[in-house]
Amino acid sequence: MGKALDGIRILDFTHVQSGPTCTQLLAWFGADVIKVERAGAGDITREQLRDIPDVDSLYFTMLNHNKRSITLDTKNPQGKAVLERLIRHCDVLVENFAPGALDRMGFGWERIQALNPRMIVASVKGFGPGPYEDCKVYENVAQCAGGAASTTGFDDGPPLVTGAQIGDSGTGLHLALGILCALYQRNRTGRGQKVLAAMQDGVLNLCRVKLRDQQRLARHGFMKEYPQYPEGKKFGSAVPRAGNASGGGQPGWIIKCKGWEEDPNAYLYFIAQAPVWKEICQIIGRPDWITDPDYATPNARLPRLKSVFAAVEAWTMTKTKFEAMAELNQHEIPCGPILSMEELAAEPSLRATGTIVEVDHPTRGRYLSVGNPIKLSDSPTEVTRSPLLGEHTRQVLAELGLSESEIVALEGAKVI
Ligand code: CAO
C-alpha cells in the first residue's frame with residue numbers, strides 16, 4: 001500500500017519544535033524528508049534536555065521521526081553548490097530560521113525560484129509582516145502575543161501559558177496544511193509559491209472564540225457564561241480570563257473527585273448540558289431543581305452556576321473520576337476525566353490506535369512517542385526512529401549524483 005505523499009521530497013531546514021512538527025507530519029504521510037543540519041552540531045534540540053548522556057534527547061527524537069539527516073555547511077561555497085542540487089531535487093523547502101537567515105545564506109525566494117520554479121518555500125516565523133516581523137520567537141512568546149495567555153488563567157491571577165504547544169506545534173500544523181494546498185495548486189499551475197505561517201497568527205486562529213467574545217463584550221459590557229457574571233465583579237474592556245469555564249454555549253467547570261486531596265489529577269470536567277438537565281438533577285440528588293424556576297432553564301441557571309457545580313462536586317467527591325465518568329456517561333451527560341501524562345502513557349486504546357507508540361533507537365533504546373494523530377485509511381503511518389546526525393549524508397549525496405571521490409573531498413573539507 002502506498003502513502004499519500006509518496007514521491008514528494010522535502011528539503012527540511014527546520015529546527016527546534018515548530019518546523020520539525022510540520023515536516024514530521026509530512027514524513028508520516030509518506031514524503032521523503034531530508035533534514036539538513038549544521039555539520040558537527042545539528043539541530044540544537046539533539047542536546048537540549050538530555051536524559052541520557054551523549055544520546056539524542058527525547059525533545060529531538062520525538063519531533064524528527066521518519067526523516068533522513070544530512071550534515072551540510074551551507075555557508076561554505078562547496079556546501080552552497082550541494083544545496084543548489086538539493087533545491088533542484090526537492091519539491092518543498094521548509095524552514096523556521098530567524099527572519100532573514102535564508103537570504104543571508106544566499107538563498108532568497110528569487111534565487112530558489114531561478115533554481116527550481118516548482119519549489120514551494122514554506123516558513124514559520126514568529127510574526128507576519130508588521131512591527132515585530134524581525135523578532136525571534138519561542139513558544140511562550142507566541143502564546144502571549146497571540147491572545148492565549150491573556151485569556152488563560154483565573155481573573156485574580158496573572159496571564160498563564162498552556163501546556164499544549166499551540167505556538168510551535170500548532171503553527172507547524174498550520175504550515176503543513178499550507179504546504180499541501182500549495183502542492184495541490186502546483187498540479188494546475190506548475191509553479192511553486194511561498195507559504196508563511198506566523199506563530200502569532202496561528203495562536204490567534206486557535207483563540208478565535210476569544211475574539212468572538214471580545215465583540216460580544218464590546219456590545220453588552222458583560223458575558224453571562226463567564227465566571228465574573230454576576231458576582232458584581234466588573235468586566236473590563238478586554239475579554240477576561242475565564243478560569244475553567246466552558247468556551248461554548250454549554251456551561252462547564254473542573255470539579256473535584258474522590259482522592260483529590262492526594263492526587264493532583266483527581267478531577268473531572270463536567271458540562272451542565274441543557275438537554276440532560278433532568279438527568280443531572282436526578283443523579284446528584286436534586287430532583288427539586290428540575291422544576292424550580294431558579295434552576296429549570298439554562299438562563300435561570302446562569303447566575304447560579306457556582307451552586308450547580310458545587311452540588312455536582314458534592315456528588316463527584318464520593319466517586320473516582322473514572323467511576324463518575326462511567327455513571328454520567330450512562331445518562332449521556334458530557335464530562336471528561338483530567339488525565340495525567342502518566343495515565344495517557346499507559347492508556348491501551350491510544351496504544352492500539354498508534355497515537356502512542358513505542359519506538360526503538362540504536363543509542364537510546366525503546367522510548368514512548370506520540371504517533372500520527374491524523375489517521376488516513378489508505379495511508380497508514382509506521383513511526384520509525386529519528387535519524388542520527390548525518391546518518392544519511394552519503395546516501396543522499398549519492399542520490400544527487402555526487403561521486404565517491406566528490407563525497408570524500410567534501411568530508412575532507414568538513415563541508416559535510
Ligand atoms: N550550515 C551553516 N549555517 C547554518 C546551517 C547550516 N546547515 N543551518 C543554520 N545555519 C545558520 C543560519 O544561517 C543562521 O545564520 P545567520 O544568523 O548568520 O543568518 C544561524 O545558523 C542561526 O539560525 P537562527 O537565527 O534561526 O537560530 P537561533 O538559534 O539564533 O534562533 C529561533 C532560534 C527559534 C529563535 C529562530 O530560528 C526563530 O525565531 N525562528 C522562527 C520562529 C520559530 O520557528 N520559533 C519556534 C522555535 S521552537 O520554539
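Reference entry: report on the structure contained in this document. This structure is a prediction, so every number in the text was calculated from the model and none was measured.

1. Structural notes on the sheet that holds strand E2 (residues 32–37)
Strand order in the open sheet formed by six strands is E3-E2-E1-E4-E5-E6, and the pairing between neighbours is parallel. Looking at strand neighbours, the two that pair on one side only are strand E3 (68–71) and strand E6 (194–198), the edges of this open sheet. Each strand axis lies, on average, 20° off the axis of its neighbour in the sheet, ignoring direction. Judged from the four bridges that link them, strand E1 (residues 9–13) and E2 form a sheet pairing that is parallel. When the sheet's bridge partners are listed, Leu-11 is paired in E2 with Ile-34.

2. A short note on the side chain of Arg-364
Mapped onto the elements of the fold, Arg-364 is located in the loop between strand E10 (356–359) and strand E11 (367–370). A polar contact is formed between the side chain of Arg-364 and the backbone oxygen of Asp-56, at a distance of 3.0 Å. Not counting chain neighbours up to four residues away, the residues in contact with Arg-364 comprise Asp-51, Ile-52, Val-55, Asp-56, Ser-57, Leu-58 and Thr-61.

3. Focus on the environment of Pro-230
By the secondary structure assignment, Pro-230 is in the loop between helix H9 (208–220) and strand E7 (252–256). Along the backbone, Pro-230 and Leu-410 are 180 residues apart, and their C-alpha atoms lie at a distance of 71 Å.

4. Some thoughts on the packing of aromatic side chains
The tally for this structure, following the rule as stated, stands at seven aromatic pairs. Summarising the aromatic geometry, the rings of Phe-127 and Tyr-132 are spaced 5.1 Å apart at their centres and angled 50° between planes, so their arrangement reads as tilted. Aromatic pair Phe-222 and Tyr-229: ring centres 5.6 Å apart, planes at 15°, arrangement stacked. In textbook terms, an aromatic cluster arises when at least three aromatic residues are bridged by ring pairs, as seen for Trp-277, Trp-289 and Tyr-295. It is Lys-256 that lies over the ring of Trp-260; its NZ or CZ is 4.0 Å from the centre. Over the aromatic face of Trp-277 sits the side chain of Arg-301, whose NZ or CZ is 3.9 Å from the ring centroid.

5. What about the nonpolar core?
Ranked by internal contacts, the top residues of the largest apolar core, which has 35 residues, are Ile-10, Leu-26, Val-94, Leu-175 and Ile-179. Elements with a contribution of two residues or more to this core: helix H1 (18–28), strand E4 (92–95), strand E5 (120–125), helix H7 (169–189), E6, helix H8 (199–206) and E10. The contacts of Ile-10, once residues within four sequence positions are left out, are Thr-23, Leu-26, Ala-31, Asp-32, Val-33, Ile-34, Cys-90, Val-92 and Val-94.

Definitions and limits used
Residues numbered from 1 in each chain as written. Predicted model: local features only at pLDDT ≥ 70, side-chain atom pairs only at ≥ 80, totals over all residues. Heavy atoms only, no water. Pairing = 2+ DSSP bridges. Helix = DSSP H or I, 4+ residues; strand = E, 2+ residues; numbered from the N terminus. Axes fitted to C-alpha atoms, helices over the stretch in contact; angles between N-to-C directions. Polar contact = N/O pair within 3.5 Å; in protein donor to acceptor, adjacent residues only side chain to side chain. Contact = heavy atoms within 4.5 Å. Phe/Tyr/Trp six-rings, centres within 6.5 Å; stacked < 30°, edge-to-face > 60°. Lys NZ or Arg CZ within 6 Å of the ring centre and 35° of its normal. Core = buried A, V, L, I, M, F, W, Y, C linked by side-chain atoms within 4.5 Å. Buried < 20%, exposed > 50% of the residue type's maximum accessible area, 1.4 Å probe, protein only.

The quantities given are spatial measurements derived from coordinates; they are silent on function.
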